[in-house]
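Residue-level structure breakdown
Each chain is listed here by its residues.
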Amino acid sequence: MRQGLAASEELGLTLALETSCDDTCAAVIDGSGRILSSIIHSQDVIHEKYGGVVPEVASRAHAERATVVVREALAEAGVGMTDLESVAATVGPGLIGALLVGFHTAKAIAWGRRLPFIPVNHLHGHLGAVWLADEQVPLPLLVLIASGGHTMLVRADSRRQFSLLGQTLDDAAGEAFDKGARLLGLGYPGGKELDQLAERGDPQAFTFPIALRGQDTLDFSFSGVKTSLFYLLRDMTAEQRGERAIDVAASYREAVVEALVSRLMQAAEREQVPAVAIGGGVAANSLLRRRVAAAAEASGLCAVIPSFRLCTDNAAMIASAARYSPRLAFPHYLSVEATSSLRLGQDVY
Ligand code: KG4
Ligand code: ZN
């Protein structure tokens, strides 16, 4: 066991930072896991003109905002630096330059105050959002994590013990939404805009393929549905594309959501769990939220559907996961580094 490493226990008032991709986030939670503040500075407007996250640009924007979000998080929580009892930060996976900014800012704050420091796996953070949303959720629990970078089915036997049941073989669900939105000429990142447009359309108007359907696997694939959308739009006139955009968006969303929900429920049945949950930015999708709630109710399962702000990247979920992660006592974290690739269940030491 690494020197200075302690098992998770009461952390007291915790400041957490999250900068793994393009949101600069800081949050404060108290010892009982109550969120006192959660500040999210989105970089969407910065990356919009490139049509995707530019890692170097994201790192610089994090560096400009990191101390600002910390100050805002402390002010909104009504606490000062001297009140903090522990500091946490996302250690990976993510864009390494982006991770380094939040990780070292948090480490410096912990070091300066001689506090314990908790490096948190970002994937465990999305699970941490589930514990924030429902403190009483029964275990074992099946969680669908769907974001711009990940699509996976996770079985949680405790708040520390996770197993990966299935994942995407190619694009993430968020990528499928973002690329679809781009083909439809919607904004960036596009998932939310496509969702809003789809609310007004007919989901049966067009048929999109659902990969691996009926197969004995809990994996996903979204490259086919995106290609199918490309060909559908290519073969339409500009006028048709305009007139049918709402129905195309609704049918496309239907296929992506059906793929996600059917796998989640298939896994829940196979694993015989009492509860299911969703997390990650795609869990903000209105159809996905409705379908998971309905499917769980029909199967007699408890469903945890976190609020929008807890689904997309945020630091409150990192603070929540920190409560169930090993912590490092001062000064044993100085040599700990962020890492771009970290698997589910993996810690940095
Ligand atoms: O978890 P997140 O904030 O960041 C990553 O770790 O990727 O997820 C962002 C993703 C983007 O792909 C975004 O388009 C998608 O979540 N997203 C949505 C919705 N809101 C955000 N996708 C579908 N429907 C939405 N309402
Ligand atoms: Zn995420």
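Procedures and definitions
- Residues numbered from 1 in each chain as written.
- Chains lettered and ligands numbered in written order.
- Predicted model: local features only at pLDDT ≥ 70, side-chain atom pairs only at ≥ 80, totals over all residues.
- Heavy atoms only, no water.
- Near = heavy atom within 4 Å.
- Polar contact = N/O pair within 3.5 Å; in protein donor to acceptor, adjacent residues only side chain to side chain.
- Areas by Shrake-Rupley, 256 points an atom, 1.4 Å probe, with all protein chains shown as cover.
- Pairing = 2+ DSSP bridges.
- Helix = DSSP H or I, 4+ residues; strand = E, 2+ residues; numbered from the N terminus.
- Axes fitted to C-alpha atoms, helices over the stretch in contact; angles between N-to-C directions.
- Contact = heavy atoms within 4.5 Å.
- Donors = N, O, S within 2.8 Å, 3.2 Å for Na, K, Ca; no water.
- Tetrahedral: all angles 85-135°; square planar, octahedral: opposite > 155°, others 65-115°.
- Buried < 20%, exposed > 50% of the residue type's maximum accessible area, 1.4 Å probe, protein only.
- Parallel < 35°, antiparallel > 145°, perpendicular 65-115°, else oblique.
- Left-handed = near helix turned anticlockwise from the far one by under 90°.
- Nonpolar A, V, L, I, M, F, W, Y, C, P; charged D, E, K, R; others polar.
- Expected span 1.5 Å × (residues − 1).
- Phe/Tyr/Trp six-rings, centres within 6.5 Å; stacked < 30°, edge-to-face > 60°.

Digging into the site of ligand 1
Contacts to ligand 1 come from 19 residues, most closely from Gly148, Asp178, Gly281, Asn285 and Asp313. Backbone polar atom of Gly149 to an oxygen atom of ligand 1: 3.5 Å apart, as the coordinates give it. Gly191 is positioned with one of its backbone polar atoms (N or O) 3.2 Å from an oxygen atom of ligand 1. Taken by itself ligand 1 offers 560 Å² of open surface, and the protein chains cover 89% of this.

Focus on the sheet that holds strand 9 (residues 162-167)
Read across the sheet, 5 strands follow the order 9-8-7-10-11 without closing on themselves; strand pairing throughout is mixed. Each having just a single partner strand, strand 9 and strand 11 (302-304) make up the two edges of the open sheet. The mean angle between the axes of side-by-side strands here comes to 20°, regardless of whether they run parallel or antiparallel. Sheet strands touched by helix 4 (residues 122-133): strand 7 (141-146), strand 8 (151-156), strand 9, strand 10 (275-279) and strand 11. Its angle to strand 7, the strand with the most contacts, is close to 125°. Helix-sheet contacts for helix 9 (residues 286-298) involve strand 7, strand 10 and strand 11, and the interaxial angle to strand 10 is about 175°.

Here's the deal with the coordination of the zinc ion (ligand 2)
Bound to the zinc ion (ligand 2) are the protein donor atoms His122 (NE2), His126 (NE2) and Asp313 (OD), situated 2.1 to 2.2 Å from the metal. Bound by 4 donor atoms, the zinc ion (ligand 2) shows angles of 92 to 145° at the metal and therefore irregular coordination geometry. Written as a sequence motif, the donor residues of the zinc ion (ligand 2) are H-x3-H-x186-D. Of this pair, His122 sits in helix 4 while Asp313 sits in the loop between helix 10 (308-311) and helix 11 (316-322), and the two are 191 residues apart along the sequence. In terms of burial, His122 and Asp313 fall into one category: buried.

Here we look at the packing of helix 7 (residues 223-234) against helix 8 (residues 238-271)
For the pair helix 7 and helix 8, the least separation of the axes is 11 Å and the interaxial angle reads 165°. Here helix 8 runs roughly antiparallel to helix 7, going by the angle between their axes. Note that helix 7 runs across helix 8; the crossing there is right-handed. Between helix 7, through Val225, Lys226, Leu229, Leu232, Leu233 and Arg234, and helix 8, the contact on the second element is made entirely by Arg241, Val248, Tyr252, Ala255 and Val256. Each residue belonging to the contact of helix 7 with helix 8 can be placed in one class, and the counts come to 8 nonpolar, no polar and 3 charged.

Quick word on helix 2 (residues 55-77)
Between its first and last C-alpha, helix 2 extends 30 Å over 23 residues, near the 33 Å set by a 1.5 Å rise per residue. Here helix 2 has its buried residues at Ala58, Ser59, Ala61, His62, Arg65, Ala66, Val69, Val70, Ala73, Leu74 and Ala77. Among the structural elements, strand 2 (14-18), strand 3 (23-29), strand 4 (35-42), helix 1 (44-47) and helix 3 (96-113) are those in contact with the buried residues of helix 2.

Brief notes about the pairing of strand 5 (residues 86-92)
Where burial is concerned, most of strand 5 is hidden: 7 out of the 7 residues are buried. In this structure, strand 2 lies alongside strand 5, joined through 4 bridges in parallel fashion. Bridging across to strand 5, Ala16 finds its partner in Ala88. When strand 5 meets strand 6 (residues 117-121), the two strands line up parallel, connected through 5 bridges. If you follow Gly92 over to strand 6, its bridge partner there is Asn121.

Describing the packing of aromatic side chains
Each aromatic ring pair is summarised here by two numbers: the centre-to-centre distance and the angle between the ring planes. For the coordinates displayed, the defined rule picks out 7 aromatic pairs. With centroids separated by 5.2 Å and ring planes inclined at 70°, the aromatic side chains of Phe103 and Phe117 adopt a geometry described as edge-to-face. Linking Phe103 in helix 3 with Phe117 in strand 6, this pair joins segments that are 14 residues apart in sequence. Here Phe103 matches Phe117 in class, with each residue buried. Between the aromatic rings of Phe230 and Tyr231, the centroid separation amounts to 5.3 Å while the plane-to-plane angle is 75°, which identifies the pairing as edge-to-face. Under the relative-accessibility criterion, Phe230 is labelled partly exposed at 40%.

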